[in-house]
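# Structure at a glance
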Amino acid sequence: MIQHQYRKGIDRSCIMVGANHSDLLSQSRHNHTIQHTIMATIKQLEATVGSLSAPSKMPCHGFSIPAKACNVGAKLRKSDKSTCSSCYALKGRYVFPNVQDALQARLDKLNSTDYSNWVESMTELISRKEKSGYFRWHDSGDLQSLNHLMAIVDIAKNLPHIKFWLPTREYKTVKSYVDQYGDFPSNLTVRLSAYFKYSAPPTKTADRLRSVCSTVGFDASQHICPSSQQGNSCQDCRACWDRTIPNVDYPLH
Ligand code: SF4
C-alpha cells in the first residue's frame, strides 16, 4: 500500500526504510497498522472513517461531508448568481436528521483521525465495497485542507483500478498541491466547478492546475450532462470521470 507520513501543517514526506533504528521502529509500527487495517471488518473501518454514501444517480459509491462546511462554498452561497446558491446538498433528503448526523460524523472523523489511518481505512473500505470501478468524492461538501487532498491522491494511487472524480471549488488548495507535487495520478479527475451560473468554465485556471472543469447552465459546453433525459441517472455516461472531457455542464431546469 502506498502511504505517506502526514505532518501537522501542509507538508508530507515518504517514509524512509532502514535509515536508522528509530526509522525501522516507525516502519514496523506502520506495517503493523496496515496489517491491522487489512484484518478489520467493514464495521471497524466505518468506525474510523464513516460509511460510504450512495448517491442515487451515480453508478458507484461516494463520500460526503456537510455542505455547510464548504469553505469557498459558504462565501459563494451569499450570491444568488453563484452555483452554490441553490445547493442540492442543503435541501431535500440531505437535511433529514439521520443524513445530517452521518455527514457530520464523517467530517468529525476526518478532522480527528490521523491522515495515515484515514488513508489506510478509506483505501480498504473502498477496495472492499466498490465493484463498479468508479468512485465519486463529495456528492456533498468539499476539500477541507491540503492534507485532505493529499490523502485523496494517496487513495487513488493505492487503488489504480478505480477511477476517482473529485469536483471542487477549492482552487487554492488544488494550486498548493500542484505547486508542491505536480500532476495528479491518471485515475483521479479533478474537476474545478465554476463559481457562477451561466458562466464559462475556468479553463485557464484548470490548465494550470492539471484539472478540468464543470459549469452550470453554460449552453456552449461541448458536453452537457444527459442525466435529466435518462431518469436522473448516469446510466452508461462516465463523462465526469474522463479527463479528456474539458468541461461538463449541468443544465439548470
Ligand atoms: S455528465 Fe454523465 S457521469 Fe456526469 S453526472 Fe451527468 S450523467 Fe453522470
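Refer to the structure presented above.
Residues numbered from 1 in each chain as written. Predicted model: local features only at pLDDT ≥ 70, side-chain atom pairs only at ≥ 80, totals over all residues.

## Comments concerning unusual backbone geometry
- One non-glycine residue with positive phi stands out, namely R210, at about 50 degrees.
- Structurally, R210 can be placed in the loop between α8 (203–208) and β7 (212–216).
- Overall, R210 belongs to the partly exposed group, with 16 C-beta atoms counted inside 10 Å.
- With a phi close to 55 degrees, N232 is a non-glycine residue in the positive phi region.
- Note on placement: N232 falls in the loop between β8 (223–224) and β9 (247–250).
- For N232, a count of 9 C-beta atoms within 10 Å corresponds to the exposed category. (Helix = DSSP H or I, 4+ residues; strand = E, 2+ residues; numbered from the N terminus. Buried ≥ 20, exposed ≤ 12 C-beta atoms within 10 Å, placed from the backbone.)

## Side note on the sheet that holds β9
- If you walk across this open sheet you meet the seven strands as β3-β4-β5-β6-β7-β9-β8, and the pairing is parallel. Looking at which strands have only one partner, the edges of the open sheet turn out to be β3 (62–63) and β8.
- When strand β6 (residues 188–193) meets β7, the two strands line up parallel, connected through three bridges. Bridge pairing links R191 to V212 in β7. (Pairing = 2+ DSSP bridges.)

## Structural notes on the packing of helix α2 (residues 42–49) against helix α5 (residues 115–129)
- The interhelical angle for the contact between α2 and α5, taken along N-to-C directions, is 135 degrees, at an axis separation of 9 Å. Relative to α5, α2 is oriented oblique. Both α2 and α5 take part in a crossing whose hand is left-handed. Between α2 and α5, the contacting residues are I42, L45, E46, T48 and V49 on the first element and N117, W118, S121, M122, E124, L125 and R128 on the second.
- Of the residues contributing to the contact of α2 with α5, the split by class is six nonpolar, three polar and three charged. (Axes fitted to C-alpha atoms, helices over the stretch in contact; angles between N-to-C directions. Parallel < 35°, antiparallel > 145°, perpendicular 65-115°, else oblique. Left-handed = near helix turned anticlockwise from the far one by under 90°. Contact = placed C-beta atoms within 7 Å. Nonpolar A, V, L, I, M, F, W, Y, C, P; charged D, E, K, R; others polar.)

## Quick look at helix α4 (residues 97–112)
- The end-to-end C-alpha separation of α4 is 22 Å, in line with the 22 Å expected for 16 residues at 1.5 Å each.
- What α4 keeps buried is the set L103, R106 and L110. In a view along the axis of α4, the buried residues occupy a sector of 60 degrees, so they form one face of it. Along α4, the residues that are exposed and aim more than 90 degrees away from the buried face are P97, N98, D101, D108 and S112.
- Looking at the buried side of α4, the elements it contacts are α2, β3, α5 and α6 (146–158). (Expected span 1.5 Å × (residues − 1). Arc of directions from axis to C-beta.)

## A look at the pairing of β7
- Across the five residues that make up β7, a large majority, five, are buried.
- Across the two faces of β7 the burial is the same, with V212, S214 and V216 and C213 and T215 all buried.
- In terms of handedness, the path from β6 via α8 over to β7 forms a crossover that is right-handed.
- Bridge count for β7 against β9 is four bridges, and the pairing is parallel. From the neighbouring strand, T215 faces β9, where its bridge partner is D249. (Right-handed = clockwise from strand over helix to strand, strands pointing away.)

## Considerations on the packing of α5 against α6
- At their nearest, the axes of α5 and α6 sit 9 Å apart, and the two run at 40 degrees to each other. With respect to α6, the axis of α5 lies oblique. As α5 runs across α6, the sense of the crossing is right-handed. Seen from α5, the contacting residues are Y115, W118, V119, M122, T123 and I126; seen from α6, they are N147, A151, D154, I155 and N158.

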